[in-house]
Each structure stands twice: as structure tokens, then as C-alpha cells.
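The residues making up each chain are set out below.
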Amino acid sequence: MSPTVVNDFTVTVATVNGSGSASSNTILAKTVFRMGVPVTPKNLFPSNIAGLPTWFLIRVSEKGYQARTGTHEVVIALNAETVAKDAASVRKGGVLIVDEKIAGGITRDDIAVHKVPFAELVKPFAPDPRLRKLLANMIYVGVATDLLGLDRETVMKVVADQFAGREKIVKLNQEVVKVGLEYSRDTFDAAKCPFKVESRDLTRDKLFIEGNAAAALGALMGGCTFVGWYPITPSSSVCEELIHLAKEHRVVGGDHRFAAVQAEDELASLGLVLGAGWAGARAMTATAGPGISLMAEFAGFGYYAEIPAVVMDIQRVGPSTGMPTRTQQCDVSSCLNLSHGDTGHIVLLPGGIDEIYEQSQQAFDLAERYQTPVFLLSDLDMGMNYWMAERFAYPERPFDRGKVLDAEQLAQVKAFARYKDVDGDGIPYRTLPGTHHALAPYFTRGSGHTETAAYTEDSDEYQKVVDRIKRKIDGSVRDTPAPIHEGDPDCDVGVLHYGSTRFAVEEARDMLAADGIATKAMRVRALPLHAEVVEFVQSCRVVYVVEQNRDGQMADIVRLKVPGSAGLIKKVLYYAGMPLSATTVVEQITADQREPSHV
Amino acid sequence: MSEADSNALGLAKKDYAGAKSTLCLGCGHDQITREIIEAAFHSGVDPFNVVKTSGIGCSSKTPAYFIAQGYGINSVHGRMPSVATGANCANRHLVTLGVSGDGDTASIGMGQFCHAVRRNTDMVYIVENNGVYGLTKGQFSATSEKGVRKKGGDVNEFAEIDLCAVAVELGCGFVARSFSGDAKQMVALIRAAIQHEGFALIDCISPCVTFNNLSDSPRGFDWLREHNLKLHEVGFVPEYEAQSVDQIPGKTLRVDMPDGSYISLSALDESIHDPTDIQAARRVLERDRLDKGHVYTGLIYYNPKSEPLHEVLHLGDKPLSLLDESELRPGRQAFDGILQAYT
Ligand SMILES: Cc1ncc(C[n+]2csc(CCOP(=O)(O)OP(=O)(O)O)c2C)c(N)n1
Ligand code: SF4
Ligand SMILES: [Mg+2]
């Protein structure tokens with residue numbers, strides 16, 4: 001018998017899309033979480049409503065690692081089409097729980113194979129075959145509970161929470177879980193299962209939440225009052241959740257303190273948001289790559305006419321439709337320079353769910369402070385999966401509404417020129433439509449304009465404005481989240497990363513350190529780049545820029561920013577659409593450390 | 001200043017003026033600009049509450065030429081409806097005057113136009129319809145009739161899109177067609193459109209003297225002066241005058257607006273078009289389509305019961321733009337309640 005592995009393995013559930021396994025998988029993951037053990041589920045699903053294979057990974061990690069491992073210790077195989085592959089994927093010494101009906105061809109003797117008659121076990125509970133199929137998923141919850149040593153009471157409580165408010169369904173599901181559990185106890189010997197979950201106290205005060213829900217909550221707390229959007233995976237749930245929260249918390253005496261408009265397309269989404277932002281609402285949209293492409297013209301309008309807007313991009317695999325339900329970090333360069341002409345936007349790069357919550361509040365402050373579209377880049381992996389996160393803090397600071405002059409202030413200052421740099425920071429003052437003061441009205445346009453917002457084709461007048469806008473955006477580093485340093489500053493092997501790549505990189509650096517390769521790291525959290533990034537790169541002999549896209553978009557941005565860095569920046573890339581694993585990072589860095597590539 | 005020179009707000013007509021126009025001398029769009037100024041002045045619209053929205057084109061430049069004391073936003077080609085809708089949501093009290101062109105609306109902006117109608121954004125939407133793309137130097141637009149000829153001899157190969165017909169079928173509550181040269185009709189229509197709560201379309205034929213003004217062109221001045229068939233004489237009587245006005249003798253129709261204002265329509269021949277009758281509106285549009293010899297102008301369709309977007313969205317009296325932390329942030333207890341679901 002292999003030695004017991006406690007709180008450090010991955011359970012993989014292989015099913016068919018649309019078979020209703022989502023609840024069961026969430027129940028398993030949440031049970032581990034409630035047992036105080038860090039857990040990270042990942043839904044690897046196809047772009048399809050029903051019928052294609054789908055996998056659900058549940059990584060249990062006492063150390064708190066949250067990246068995908070790429071290994072499968074316990075596999076639950078329910079999909080006839082993929083069972084051979086799934087059985088082969090089980091790590092040596094691992095466990096396979098498989099539907100008896102599809103287990104015929106399995107010949108592995110280096111793993112424990114547990115065959116379960118799913119259909120037969122649920123038969124007494126449901127005459128209807130569709131319901132039977134749904135309930136079958138609860139059987140494996142029971143089996144896994146027995147084999148992995150999950151706390152039975154916790155499982156039952158999580159089932160009750162999952163179907164809260166529907167008593168009959170709760171009871172039925174709990175009963176089926178019990179049947180699975182008892183079948184396993186009677187048939188298998190749980191003591192022989194080497195993978196166990198043991199209760200700890202590591203998740204107290206932590207949240208278990210999807211990135212998109214965190215973004216929605218951030219927007220709510222950040223004072224978002226307008227959302228214009230068009231459905232697209234993986235971003236839709238940001239707006240749906242925000243609307244849900246707003247209906248709950250922003251309706252007073254029948255009046256809605258928010259407006260949500262489902263647009264006809266993403267051009268209209270950003271048009272709506274810019275109109276609302278121009279008129280003084282804190283306005284946002286959320287989308288994915290194809291929507292970003294459609295927003296290009298309006299993004300430039302917002303940039304040049306200096307209108308606040310928040311655009312959340314939940315990135316997915318491109319180009320074109322790409323792989324809509326797979327993850328990447330492929331929109332960094334397109335968002336940074338979205339639109340024709342010289343444009344450069346503020347881009348926020350949250351790395352983790354608590355940062356998504358924080359930055360989706362801050363995005364509204366930045367948009368209004370800098371009077372410009374702000375792009376917040378999340379991705380499918382963070383957005384649509386549940387994650388363990390530090391408990392979100394209640395915001396203490398008031399909103400930053402930026403430099404807005406009302407009628408009273410205008411009466412005092414006695415002068416107003418919409419696009420004039422009064423304070424030397426490149427940020428002009430603005431007024432809101434409806435302000436009752438003779439100085440307030442101005443004309444907003446995407447065509448050439450002077451400091452007083454008048455139409456111009458005068459070379460100097462034009463340049464004065466665009467040069468100021470560049471200074472303004474460059475100056476945003478004053479307020480955007482600074483990069484995070486990790487590791488010994490004297491180390492000269494650097495790892496630069498951002499966004500969801502963080503999870504694999506943190507684990508990879510531990511693995512590298514164990515192999516004798518010491519690194520220091522910098523996690524970038526915003527564009528334009530902060531000066532610290534330049535210093536970091538210059539302090540290294542080699543910098544590995546780790547990211548999830550084909551071309552090394554961030555690496556190129558850093559190269560351009562740091563003079564003479566071309567020779568020391570190396571791209572560590574993964575862009576196959578699965579969440580990045582630490583081993584991928586370790587392999588590439590180790591190979592280069594052994595035999596340095598030339599760049 | 002005599003009373004006649006000032007309006008209900010005590011403002012003079014010059015208070016509704018804008019920057020000097022840079023359009024071609026004689027352009028129909030400049031007539032509409034004057035008509036907008038006239039209408040806003042007579043209706044006593046507060047300039048500070050005016051939002052002027054447009055897309056791109058000669059027509060879309062005109063918001064700079066009226067009501068300088070209002071707030072203008074000249075957005076991108078064909079996308080003004082979304083910008084106007086967003087602004088309207090941020091502050092429902094703004095009076096939104098949208099100006100577009102036939103290219104800006106019927107081609108690149110067709111989708112946004114349809115959806116603004118469908119959502120019933122509370123705005124006046126004037127299409128300055130000249131049958132061509134003026135600003136890009138005279139290409140045919142989608143509102144040009146099939147077979148018409150423009151300067152240089154080009155003949156239009158495709159059937160026109162009738163924006164009024166589209167709007168009526170999409171449920172628009174205020175649909176009018178007019179001619180920039182008919183100031184009286186335009187001013188009355190604009191005033192009624194401002195009063196209407198919801199999307200109000202005025203498709204105004206507005207000749208492009210530079211690229212589409214041949215004597216036989218149905219978008220040219222000469223032809224229009226001769227072939228403009230008015231459905232009725234339109235008058236607008238605001239609520240504050242409604243009590244004191246005597247009924248005009250003869251065949252007239254009084255169409256009441258929800259706030260107490262009314263639109264008076266007087267017959268020009270034995271029949272009178274009733275704009276509240278959707279079947280009658282459809283018949284007018286059909287006649288207009290078949291009768292190549294005329295253009296029918298007037299208030300084609302009016303539905304006083306249309307529900308504007310801000311009502312559909314249940315927006316309160318205080319604009320979204322002015323709400324602060326105390327009104328927008330859920331309290332600590334509510335916040336904890338939200339987090340509870342994620343533990
Ligand atoms: C995206 C985009 N495509 C093309 C243009 C070029 N363009 C400018 S105005 C215009 C047509 C305007 O026609 P219309 O709306 O009828 O206005 P008019 O000039 O006739 O008043 C075009 C095609 C543009 N500005 N933007
Ligand atoms: S080109 Fe035509 S539409 Fe444009 S300003 Fe001249 S006359 Fe008017
Ligand atoms: Mg035109």
C-alpha cells in the first residue's frame with residue numbers, strides 16, 4: 001500500500017457537458033473548504049451547452065497552492081467517450097472511481113479501480129431518466145466522501161446550502177449522497193485509499209468565490225451606477241451578478257439607484273458607458289476579446305475626449321472566436337493601445353480574487369480621476385472558477401470623483417477651460433451636463449480640439465492636447481497599484497509575472513528553490529509600467545517574463561520600456577488554453593538555467 | 001427687452017445661439033439649426049439642461065451651431081444613440097437633442113437607431129436627410145430613392161430605407177417627417193418632440209446644395225418646394241398656454257399630450273391625418289412609398305402612452321450622476337450578508 005497523502009492531491013471529475021455535475025463538483029470542493037483545507041476547483045469546459053466532454057479539477061493543497069498541477073491522483077470517470085484517456089491519466093498509485101457500465105476496457109493494475117453501478121444505485125429514487133442522470137452525480141459525492149475521508153456532516157450541510165430553499169430537493173440529494181457513501185463503505189476499503197482530506201483551520205475568514213462575482217461586488221461597492229453590456233463568455237456573469245446585487249441593494253422606495261442596459265453589441269456597450277460617464281455616472285461594461293475588438297473606435301474616443309469608463313475584459317483564448325471557454329492572457333497589448341491613432345490606456349492587472357475585488361472598485365476612481373477609459377484584465381480561469389480568497393474589506397475611503405467643478409466652485413474659480421492643464425499633472429477639470437453656470441457648458445468631440453474644447457486643425461493646438469494626455473496617463477502610476485516584490489532583492493534571476501499567472505509562479509519559485517535555483521519576482525499590477533519594474537529588470541542578470549499568450553506581450557512591453565534589456569528578458573510562455581501549471585514554468589526556467597538560450 | 005423678445009425663462013433668442021456654422025452656404029442643415037434654436041427658445045428650454053448629441057457628418061457638426069449654453073457631445077459615426085442613451089440614464093432630467101444624418105443613421109448607425117427606438121430613450125432624434133453623404137463628398141446614402149440621379153450623373157441602384165416606416169414598426173411613439181425649408185412645421189414638430197417623453201423621430205429632408213440638389217432630385221430644394229404634400233398644418237400649444245388658446249375654426253384635430261400641452265392639426269384639404277391612428281400612419285407611409293411624385297410631411301404617428309426608458313428602468317428623481325457613497329454603498333451589515341454566501 002502506498003503511503004497516505006494528506007491534503008495534497010487533485011481529484012478530477014470527467015463528465016459530459018450538460019449532465020448536471022456542476023452542483024456535485026462544487027459540493028465536493030466546498031466541503032473541503034469548509035473542513036478548513038485550502039482547495040481550488042477548476043472547471044475545464046467546452047464551448048457547448050450539452051454533449052461534449054468536460055473535466056472538473058479539485059486541487060486540495062494544505063500549502064495553499066492554487067494552480068493547476070497537471071497530475072490526477074483521484075479520477076472520477078463518468079464519460080464513456082473519454083474513459084480510456086481518463087483511466088490512463090491517473091497517476092501511478094492513484095485511484096479511479098468509474099461507472100461500472102463503461103469500465104470494461106480498463107486494464108491498469110498500478111492504480112486502485114473502484115467500479116460503481118451508478119444507474120442502479122439511483123434507480124429507486126427517480127423513475128425519470130433525466131433526473132436519474134442528475135442524481136447519479138450525487139453518488140460520486142458519496143463515494144468520494146467515504147474514500148477521501150470527507151466529513152460527513154459537512155457534506156450534508158453543503159448539500160443543504162447548495163439547494164437552499166428547496167427542501168424536497170435537499171432531502172433527495174442528501175439521501176443519494178448517503179447511498180453512494182454506504183455503497184462505498186460496503187464495497188471498498190476506504191482505509192486503503194491513500195488520499196485523505198484531514199480537517200485543518202486554514203480557511204477561516206476566507207471566502208470561496210468566483211472572480212466574476214468579486215468583480216461585480218467590487219463594482220457595487222465602488223459606486224458603479226451604470227452598466228451597459230452584451231453577453232459573452234467568460235464575462236457575462238460579471239454583469240449578471242452586478243445586476244442581481246444592484247436589485248438587492250440599490251432599490252430604495254421603488255427607485256433604482258442603478259441602470260443596466262443590455263446593449264445590441266459591444267460598440268453600443270461602450271457607447272452607453274461613455275455617454276453615462278460623460279454625464280457623470282460611474283459606468284462600466286464587461287466583455288471578452290471579441291467585444292474588445294468591437295470597442296476599439298469608442299475606446300479612442302473616450303481617450304481623446306477624456307471620458308471616464310471602466311471596461312472589464314475577462315480574457316479568453318484568441319484570436320477571433322478562438323477557444324471561447326479556455327483561458328489566456330492574450331489581450332494585454334490590444335487593451336493597452338486599443339483604437340487607432342496614438343492611444344495608451346490605463347490597464348489594471350489583478351492577480352487573485354481579492355485584488356479583482358479591490359481593483360474593480362479602484363477602477364472607477366481611476367477612470368474619474370484620470371478622465372479616461374480604464375481596462376481591468378481578468379481571465380476565464382480567475383473569472384469563472386471558485387477561488388479561496390482573503391475576506392474582502394469593507395471600503396473605508398470615499399469615492400474619488402476626480403476634478404469635477406460644480407456651479408458653486410465655478411462661481412469661485414471664475415474660469416474654466418475643459419482641456420487646460422491647470423494643476424500641472426496633465427489632468428484637466430470637467431463639468432457635468434446639467435450644471436447651472438454660464439462657465440460650465442462645453443462641447444465634447446473626438447475631432448481636433450483646443451484647450452477650450454473648440455474645434456481645431458491647428459498643429460500647435462492639437463499637439464498641446466495630445467501631449468498633455470500622454471503626460472496625464474503616464475502620471476497615473478501615482479495612483480495605480482504598484483508592482484509587488486518577492487524574494488531576495490540581491491538575487492539576480494528575476495521572474496516577472498501578472499494576473500492569474502501568479503498562482504503557478506509562486507508555486508514554481510518554491511519548486512525551483514528546492515532545486516537550488518533561487519529567484520526573485522515582481523508581479524506587475526498595472527500599465528503603464530511603474531519605475532520599479534525598470535529597476536527590477538536592471539537589477540537582474542536574466543528576467544523570465546511568464547505569461548499566458550503566444551507572443552510574450554508583456555515581455556515586449558517591458559523590453560520597450562527598459563533600455564538595453566532586450567538581451568536579458570526571456571519569455572516563458574504557455575498559451576494552450578488550460579490554466580497554467582507550476583511545472584510548465586519550472587521546466588522552461590530550469591532548461592534555460594541549464595543551457596541558457598540566446599535572445 | 002420687450003416680453004416678446006424673451007421667453008418664459010426670461011432668455012432671449014440669442015441665448016440659444018451657437019457657434020458660427022461652417023457648412024456650405026444654403027445647406028438645409030443650417031435651416032434646421034435655426035429651427036431648433038427657435039423651438040428651444042419658444043418652449044423656454046433651460047439651456048443648461050440641454051444635451052446635444054450627434055454622430056459624424058455635416059449634419060452631426062451642427063450641434064456646435066445651436067445652444068452654446070448646452071452640453072454637446074459629437075461622438076463617433078453612427079453611434080450617437082448609445083451615447084445619448086447612456087447620458088440620459090445618468091441624468092434623466094437632461095433634454096437630449098440628437099442630430100444625425102441619413103448616412104449616420106440609415107447605414108452605419110441603423111442598429112443603434114433601431115435599438116434606441118426600441119428602448120424608447122427620451123430624446124429628440126432629428127435625421128437631417130439629404131440622400132447623400134455630404135461630408136465624404138456626395139456618395140448616395142441608404143435613404144435615396146432607387147433610380148434617382150445626382151450631380152455627375154450617378155444613378156442610385158438600391159431601394160431606399162424609410163426611417164419613419166422603420167420607426168413606426170418598431171413602436172416609436174413620435175414619428176414625423178418634415179422639410180428643412182418649412183420652418184413653421186419644423187418648429188412646431190421640434191417643440192412637440194421635446195415635450196414628448198420617449199424617443200421622438202423627425203426625419204427632415206434637408207437638401208445638400210453641393211452634392212444633391214438637381215432640380216429633379218427628390219432631396220433637392222426645387223423639387224421639395226413643389227412636391228411637399230403636407231398632411232396637415234402642425235401647431236404646438238404648451239401646457240402653460242393651453243388654457244388660453246381658442247380653438248382654431250375649421251377642420252382641426254387636437255392631440256393631447258400627457259402634461260397638458262397639445263398638438264393642433266388643421267386640415268389642408270377635405271381629409272385630415274390623425275397621427276394617433278397607427279393604421280392611418282401606415283397608410284400615409286404606404287402612399288408616400290408608392291407616390292413618387294410627392295413627399296408627405298407632418299406628424300405621422302403619435303402615441304402619448306409610450307413608456308420612456310427611464311421609467312422602464314425605475315430611475316428615481318435624483319440623477320445617478322449625483323448619488324454619493326451613502327446612497328450607493330450597501331452598509332456593513334448588508335456587505336457581511338453578501339459575503340456570507342461565499343463562506
Ligand atoms: C467609422 C467611420 N467610417 C467612415 C467615416 C467617414 N464619414 C464621415 S461622415 C460620413 C457620412 C456622413 O453622411 P451623413 O450622415 O448623411 O451626413 P451628411 O454629411 O450628409 O450630413 C462618413 C462615411 C467615419 N467618420 N467614420
Ligand atoms: S456638403 Fe452638403 S450637407 Fe455638407 S455642408 Fe455642404 S451642402 Fe450641407
Ligand atoms: Mg446625408
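Conventions adopted
Residues numbered from 1 in each chain as written. Chains lettered and ligands numbered in written order. Predicted model: local features only at pLDDT ≥ 70, side-chain atom pairs only at ≥ 80, totals over all residues. Heavy atoms only, no water. Patch = residues over 30% accessible without salt bridge, like charges linked within 9 Å, V, L, I, M, F, W, Y side chains within 5 Å. Areas by Shrake-Rupley, 256 points an atom, 1.4 Å probe, with all protein chains shown as cover. Salt bridge = Lys/Arg side-chain N within 4 Å of Asp/Glu carboxyl O. Lys, Arg positive; Asp, Glu negative; His and termini not counted. Charge placed at Lys NZ, Arg CZ, Asp CG, Glu CD. Buried < 20%, exposed > 50% of the residue type's maximum accessible area, 1.4 Å probe, protein only. Domains from an automatic or database assignment. Contact = heavy atoms within 4.5 Å. Buried area = accessible area lost by both parts, 1.4 Å probe. Near = heavy atom within 4 Å. Polar contact = N/O pair within 3.5 Å; in protein donor to acceptor, adjacent residues only side chain to side chain. Helix = DSSP H or I, 4+ residues; strand = E, 2+ residues; numbered from the N terminus. Nonpolar A, V, L, I, M, F, W, Y, C, P; charged D, E, K, R; others polar. pLDDT = per-residue confidence, 0-100. Donors = N, O, S within 2.8 Å, 3.2 Å for Na, K, Ca; no water. Pairing = 2+ DSSP bridges.

### Here we look at a negative patch on the surface
Where like charges cluster on the molecular surface, the negative patch consists of Glu 197, Glu 239, Asp 259, Glu 307 and Glu 311 of chain B. What makes Glu 311 of chain B partly exposed here is its relative accessible area of 36%.

### A look at the domain arrangement of chain A
Residues and elements named next belong to chain A. As far as domains go, chain A holds domain 1 (5–204), domain 2 (209–390) and domain 3 (484–593). Computed from C-alpha coordinates alone, the two centres of domain 1 and domain 3 are separated by 35 Å. With 8 residues of domain 1 at the contact, the number on the domain 3 side is 11 residues. A combined buried area of about 790 Å² lies between domain 1 and domain 3, and 56% of that area is made up of carbon and sulfur atoms.

### Examining the site of ligand 1
In the vicinity of ligand 1 there are 18 residues, among which Ser 59, Asp 102, Gly 103, Asp 104 and Gly 134 of chain B approach most closely. More than one chain lines the surroundings of ligand 1; the residues nearby belong to chains A and B. Here His 29 of chain B contributes a side-chain N or O atom positioned 2.9 Å from an oxygen atom of ligand 1. Gly 134 of chain B places a main-chain nitrogen or oxygen 2.8 Å from an oxygen atom of ligand 1. Protein contacts shield 76% of the accessible area of ligand 1, which totals 590 Å² for the unbound molecule. For the shell around ligand 1, the secondary-structure elements that each account for two or more residues are α2 (58–61), α4 (102–106) and β5 (132–133) of chain B. For the shell around ligand 1, the residue count by class is 6 nonpolar, 9 polar and 3 charged.

### Quick notes on the confidence of the model for chain B
Put simply, chain B has an average pLDDT of 95, and 97% of its residues get 70 or more. Predicted as a complex, the structure gets a pTM of 0.97 and an ipTM equal to 0.97.

### Focus: the coordination of the magnesium ion (ligand 3)
Residues and elements named next belong to chain B. Protein ligation of the magnesium ion (ligand 3) involves Asp 102 (OD), Asn 130 (OD1) and Val 132 (O), the donor distances falling in the range 2.0 to 2.1 Å. Donor residues binding the magnesium ion (ligand 3) come from one chain and are separated in sequence as D-x27-N-x1-V. One end of the pair, Asp 102, is in helix α4; the other, Asn 130, is in the loop between β4 (123–129) and β5, with 28 residues separating them in the sequence. Across this residue pair, the class does not change: Asp 102 and Asn 130 are buried.

### Some details on the sheet that holds strand β23 (residues 526–527) of chain A
Paired through backbone hydrogen bonds, the strands of a sheet run either parallel or antiparallel to each other. Residue and element names in this part refer to chain A. Pairing in this open sheet of 7 strands is mixed, and the strands run β13-β10-β14-β15-β17-β16-β23 from one edge to the other. The open sheet has two free edges, formed respectively by β13 (259–262) and β23, since each of these has just one partner strand. Across 3 bridges, the pairing between strand β16 (residues 346–348) and strand β17 (residues 373–379) is parallel. The partner of Val 347 across the bridge, within β17, is Phe 375.

### So, the environment of Glu 461 of chain A
Residues and elements named next belong to chain A. Considering the arrangement of structural elements, one finds Glu 461 in helix α16 (residues 459–474). For Glu 461, a relative accessible area of 30% corresponds to the partly exposed category. Note: C-alpha distance between Glu 461 and His 449 (12 residues apart in sequence) is 7.3 Å. Discounting chain neighbours no more than four positions away, the residues touching Glu 461 are His 449, Thr 450, Glu 451 and Thr 456.

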